[in-house]
Amino acid sequence: MPLIKSKYNRRPWYFFNGHFETIIPSLFYEVGGVNYERERLELPDGDFLDLDWVRGGNKRLIVLSHGLEGSADRHYIKRPAHYFSQKGWDILAWNNRSCSGEMNRLPRFYHHGATEDIAAVIDQGLAAKYEEVILIGFSMGAGMQQKYLGERIPDQRIIGAVSFSVPCNVQNSAEMLKIGANRIYENRFISKLKQKVLEKSEHVEMPVDLEVIKKVRSFKELDEAFTLKVHPEYKNANDFYTRITSDQFLPNIKIPLLIVNAINDPMLGDPCYPIELAQKSKNIYLEMPKKGGHVGFTIPGSSWSYMEFAADGFIDEVILSQQTSRLPH
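This structure is a prediction, so every number in the text was calculated from the model and none was measured.

## Some thoughts on the sheet that holds strand S5 (residues 132-138)
In a beta sheet, neighbouring strands are held together by backbone hydrogen bonds and run either parallel or antiparallel to one another. Pairing in this open sheet of 8 strands is mixed, and the strands run S1-S2-S4-S3-S5-S6-S7-S8 from one edge to the other. Two strands bound the open sheet, and with one partner strand each, they are strand S1 (37-42) and strand S8 (284-287). On average, each strand axis in the sheet is inclined to that of its neighbour by 20°, with strand direction left out of account. In this sheet, strand S2 (residues 48-54) lies alongside S1 in antiparallel orientation, the contact comprising 6 bridges. Opposite Arg-38, over in S2, you have Asp-52 as the bridge partner. Its contacts with the sheet put helix H4 (residues 140-151) on strand S3 (60-65), strand S4 (90-95), S5, strand S6 (158-164) and strand S7 (257-260), and the angle it makes with S5 is roughly 135°.

Put into structure tokens, the structure is as follows:
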């Protein structure tokens, strides 16, 4: 499909660059008007996931997937939950292991390629007999849903997906976080994840060296000291990054998928913009606003962001219109 010309071209005047567009919403934005109903989903491996629902008795469902160290309570999840629940959709916003406010049971946490978890969530949603399901993901959650859609044939009721600020190539995104001011993001993520490992070690036997964990300063170091210890199916860090990254699965996706990655996103390098694939694919649509930062896309004077409008437009103009065109005449 041709690349989509972005309609996002006006950020607040005081958002001077991609860092401001990323950091200010993350630190200060809050969203009201969303009342979740929580459900605990028990997993086959003995762990659990907490699902936050907004139910309105609708026949169609949107599944929202958050980013690294996020949750269903983040502003970028609550905002589309509020927006689309007002437009006739039920909402299922799920929390990755350890992200719901309660520590998970097993030594492992989550990662970009943990599609067994998003699959369990989606299956739970499908079991509720919805007629149409759409997936919307942000950052890590977007990469996870892309890998899910590309590595299997999804239920025919899953009719489309939208992804924002996607690290389509995990290795590249990790490398971007080592450059200049981008280190503030890596440092923040690493600090939170290290604290989780140390906290969990007080209650769960962990197959890791805690003294090494305390000294970790990068994602690769954390993956070598922790992730590979609890996920022995991966040979080393490079094998881990190679197998979990979502870009290799994009050509296999058979339903409409919109990817919206801002050019000034500080966490994404060139491999995270699948331009050539989008130009050749019938199902992959790529929008690259010049501005927006990482999961930012703030609109001056609006309680919504550009992400809600971009998703809504794509759902109406592409996903639902394709569904209508397939109906028998």
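After that view of the structure, there is still more to cover.
## Section: the nonpolar core
In terms of nonpolar packing, the biggest core is built from 62 residues, with Leu-135, Ile-158 and Phe-226 touching the most fellow members. With 6 residues, the top contributor of residues to this core is helix H8 (residues 219-230). Setting aside anything within four residues of it in sequence, one finds Phe-226 in contact with Pro-107, Phe-109, Val-197, Met-206, Val-208 and Ile-213.

## So, the pattern of salt bridges
Counting across every chain of the model gives 25 salt bridges. Taking the shortest distance from any N to any O, the salt bridge between Asp-73 and Lys-78 comes out at 3.8 Å. Assessed through its relative accessible area of 48%, Asp-73 is described here as partly exposed. Beyond isolated ion pairs, a larger network of salt bridges with shared partners links Asp-45, Asp-47, Arg-97, Arg-108, Glu-116 and Asp-117.

## Observations concerning the environment of His-294
With respect to the helices and strands, the residue His-294 is situated in the loop between S8 and helix H11 (306-326). Judged by relative accessible area, His-294 falls into the buried class, the value being 8%. Counting along the chain gives 33 residues from His-294 to Asn-261, while the straight-line C-alpha distance between them is 8.0 Å. In this structure His-294 touches Thr-22, Ser-139, Ser-165, Asp-265, Pro-266 and Met-267, once residues within four positions along its chain are discounted.

## Here's the deal with the packing of aromatic side chains
For any two aromatic rings, the description comes down to two numbers: the centre-to-centre distance and the angle of the planes. Considering all chains together, one arrives at 18 aromatic pairs under this definition. Taken together, the aromatic side chains of Tyr-8, Tyr-76, Phe-138, Phe-164, Phe-297 and Tyr-306 make up a single cluster linked through ring pairs. In this structure, Arg-40 is placed above the aromatic ring of Phe-48, and the distance from its NZ or CZ to the ring centre is 3.7 Å. One cation-aromatic arrangement involves Arg-55 over Trp-53; the distance from NZ or CZ to the ring centre is 4.1 Å.

Thresholds, definitions, all that
- Residues numbered from 1 in each chain as written.
- Predicted model: local features only at pLDDT ≥ 70, side-chain atom pairs only at ≥ 80, totals over all residues.
- Heavy atoms only, no water.
- Pairing = 2+ DSSP bridges.
- Helix = DSSP H or I, 4+ residues; strand = E, 2+ residues; numbered from the N terminus.
- Axes fitted to C-alpha atoms, helices over the stretch in contact; angles between N-to-C directions.
- Contact = heavy atoms within 4.5 Å.
- Core = buried A, V, L, I, M, F, W, Y, C linked by side-chain atoms within 4.5 Å.
- Buried < 20%, exposed > 50% of the residue type's maximum accessible area, 1.4 Å probe, protein only.
- Salt bridge = Lys/Arg side-chain N within 4 Å of Asp/Glu carboxyl O.
- Phe/Tyr/Trp six-rings, centres within 6.5 Å; stacked < 30°, edge-to-face > 60°.
- Lys NZ or Arg CZ within 6 Å of the ring centre and 35° of its normal.

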